[in-house]
Amino acid sequence: QVQVVESGGALVQPGGSLRLSCVVSGSEWRVYTMGWYRQSPGNQRERVARITPNGDTAYKDSVKGRFTISRDNAKNLVTLQMNNLETEDTAVYYCNIVPVPLRATWGQGTQVTVSS
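First, a word on scope: everything that follows refers to the structure included in this document. Quantities reported herein were computed from a predicted structural model and do not represent experimental measurements.

Right, let's talk about the sheet that holds strand S6 (residues 57-59) for a bit. The strand order across the open sheet formed by six strands is S2-S10-S9-S4-S5-S6, and the pairing between neighbours is mixed. Single-partner strands in this sheet number two, and they are strand S2 (11-12) and S6. The pairing of S2 with strand S10 (residues 110-114) spans two bridges and is classified as parallel. Note on S10: the bridge partner recorded for valine 12 is valine 114.

The following block contains the structure:
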């Protein structure tokens, strides 16, 4: 079972930066592609970034060039560096495996609020 704890969310002004952290535990979690997801009120949860076990990355079009996902397997850590934040980035951000099973378990998430 893969368990995650997300942190790092905050209130930030447009153009600001945040670094989200996901501490991962569970047997053989390193074999999974990991992703950051987000959900805002009235919207479905969406994946914004993912990283494979060997470090290949992919991003939602709207965050390309602004967000960077990384992983440190030795430290059980997946991070999301978020730069040039926009109001549209406001959401609760979650970390989980990719793809997410239908009955997946989610962590608490971490709130990112971008407001002027």
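Read on for the rest.
Okay, unusual backbone geometry next. Cis peptide bonds are those with omega within 30 degrees of zero, and the linkage from valine 98 to proline 99 qualifies with -5°. Along the chain, proline 99 turns up in the loop between strand S9 (91-98) and S10. In this structure, asparagine 76 takes a positive phi of about 55° despite not being glycine. Tracing the backbone shows asparagine 76 in the loop between strand S7 (67-72) and strand S8 (77-82). With a phi close to 50°, asparagine 84 is a non-glycine residue in the positive phi region. As for its placement among the helices and strands, asparagine 84 is situated in the loop between S8 and S9.

Definitions and cut-offs
Counting restarts for each chain, with residues numbered from 1 along the sequence as it is written. Since the coordinates come from a predicted model, pLDDT governs what is reported: local features require at least 70, and pairs of side-chain atoms require 80 or more to be given and counted, while whole-chain, interface and lining totals use all residues. Each side-chain value is derived from all of the structure's non-hydrogen atoms; neither hydrogens nor water enter the calculation. Here, strands pair whenever DSSP counts at least two bridges between them. Numbered from the N terminus, helices here are DSSP runs of H or I no shorter than four residues, and strands are runs of E no shorter than two.

Scope: geometric values only; no functional claims are made or implied.
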